[in-house]
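Structural description and commentary
In case you want the letters, here they are:
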Amino acid sequence: RTDVRLAADLSTALKQARFASAVLSRVREEVGSEGDDGEGAVTRYFVGERELTAERVTLLRECVEQSARAGIIEDPEVLAVERSRLRLLVDELASQPEERLEEIAANYKDLLLSDNLVDLMKERLHAMARRDLDARREGAEDSLKEGHARERAILMNLAKIAQALVREAQALGAELEVSMLEI
């Protein structure tokens, strides 16, 4: 929600945690040979072309870890895993006949019931829109049209399946609540 005003300290902590998470998600590690002192391999960290010190990366990781543990932000590792699983699911569904959609999606119920599913789907749709714009600028918009239409259809079907799973879970929850009240 964006209409909630947070206490200043909490608002600052949330901004710092989101910033640290965003930076860590873009960090690239490079393992070199020996360090200047002749001891072991040296790991260097980069965001774009800018190098970060190991101490700074450690501080960023601690910030994200503590924030995720406190529940201020979602654990970025969980998001990365769910993002890759959604990519895998969409790719798998794109290569299979449409009749197998529900069968394949049944193996990903935890992903389809995830709190992050809507945001991950939006992320994929925004990425598709950016690719469409880039292709349009280059005059090659027809090359992506069919693949993107198929992916959009898959995402719509997954959203419908997820809605059905949520309704099913709500019904089971209501049934369980009634049985608990009877006891």
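Residues numbered from 1 in each chain as written. Predicted model: local features only at pLDDT ≥ 70, side-chain atom pairs only at ≥ 80, totals over all residues. Heavy atoms only, no water.

Notes on the overall build of the chain
Counting secondary structure elements, the chain contains seven helices and three strands. The linear arrangement of helices and strands in the chain, starting from the amino end, is α-β-β-β-α-α-α-α-α-α. For the chain, whose C-alpha radius of gyration is 22 Å, the value lies well above the compact-globule estimate of 16 Å for 183 residues. Here the C-alpha coordinates of the chain stretch approximately 65 × 60 × 35 Å along the principal axes. For the chain, the residues scored as buried account for 25% of the 183 residues in total. Taking all contacts inside the chain whose residues are at least 6 apart in sequence as the whole, residues at least 24 apart take part in 55%. Counting every atom, the chain has about 13400 Å² of accessible surface; 51% of that belongs to carbon and sulfur. The average position of the 27 basic charges and that of the 38 acidic charges among the side chains of the chain differ by 6 Å. (Helix = DSSP H or I, 4+ residues; strand = E, 2+ residues; numbered from the N terminus. Rg over C-alpha atoms; globule rule 2.2 N^0.38 Å. Buried < 20%, exposed > 50% of the residue type's maximum accessible area, 1.4 Å probe, protein only. Contact = heavy atoms within 4.5 Å. Areas by Shrake-Rupley, 256 points an atom, 1.4 Å probe, with all protein chains shown as cover. Lys, Arg positive; Asp, Glu negative; His and termini not counted. Charge placed at Lys NZ, Arg CZ, Asp CG, Glu CD.)

Concerning a nonpolar patch on the surface
Together, L176, M180 and I183 line one region of the surface with nonpolar side chains, adding up to about 390 Å² of accessible area. Considering the arrangement of structural elements, one finds L176 in helix α7 (residues 142-182). (Patch = residues over 30% accessible without salt bridge, like charges linked within 9 Å, V, L, I, M, F, W, Y side chains within 5 Å. Salt bridge = Lys/Arg side-chain N within 4 Å of Asp/Glu carboxyl O.)

Topic: the side chain of S21
Turning to its location among the elements, S21 is positioned in helix α1 (residues 8-26). With a relative accessible area of 16%, S21 lands in the buried category. Aside from chain neighbours lying at most four places away, what touches S21 is V64, I73 and P76.

Thoughts on α7
Each α-helix winds once per 3.6 residues, and so residues spaced three or four apart point in a common direction. Spanning 41 residues, α7 covers 61 Å between terminal C-alpha atoms, matching the ideal 60 Å at 1.5 Å per step. Restricting attention to buried positions, one finds in α7 the residues H148, E151, I154, L155, L158, I161, A162 and L165. If you follow the buried residues of α7, they end up packed against α3 (76-94), α4 (101-105), α5 (109-112) and α6 (117-138). (Expected span 1.5 Å × (residues − 1).)

A closer look at α1
With 19 residues, α1 should cover 27 Å at 1.5 Å per step; its first-to-last C-alpha distance of 27 Å lies within 8% of that length. The complete set of buried residues in α1 reads L14, A17, A20, S21 and V23.

Details of the confidence of the model for the chain
Across the chain, the average pLDDT comes to 88, with 92% of residues at or above 70. Within the chain, no element has a lower average pLDDT than strand β1 (residues 28-34), which sits at 80, and none a higher one than α5, at 95. (pLDDT = per-residue confidence, 0-100.)

What about the pairing of strand β2 (residues 41-47)?
As judged from the three bridges shared by β2 and strand β3 (residues 50-52), these two strands associate in the antiparallel manner. In the sheet register, V47 faces β3, and the bridge partner there is R50. Hairpin connection, β2 to β3: the antiparallel pair is bridged by two residues, and G48 has positive phi, about 65°. (Pairing = 2+ DSSP bridges.)

Section: the packing of α6 against α7
Each pair of packed helices gets described by two things: the angle between the helix axes and the distance between those axes. In the contact formed by α6 and α7, the axes pass within 11 Å of each other and the chain directions differ by 165°. By the angle between their axes, α6 is roughly antiparallel relative to α7. Handedness of the α6/α7 crossing: left-handed. Contacts between α6 and α7 pair L117, M121, R124, L125, M128, R131, D132 and A135 from the former with L144, H148, E151, R152, L155, L158, A159 and A162 from the latter. (Axes fitted to C-alpha atoms, helices over the stretch in contact; angles between N-to-C directions. Parallel < 35°, antiparallel > 145°, perpendicular 65-115°, else oblique. Left-handed = near helix turned anticlockwise from the far one by under 90°.)

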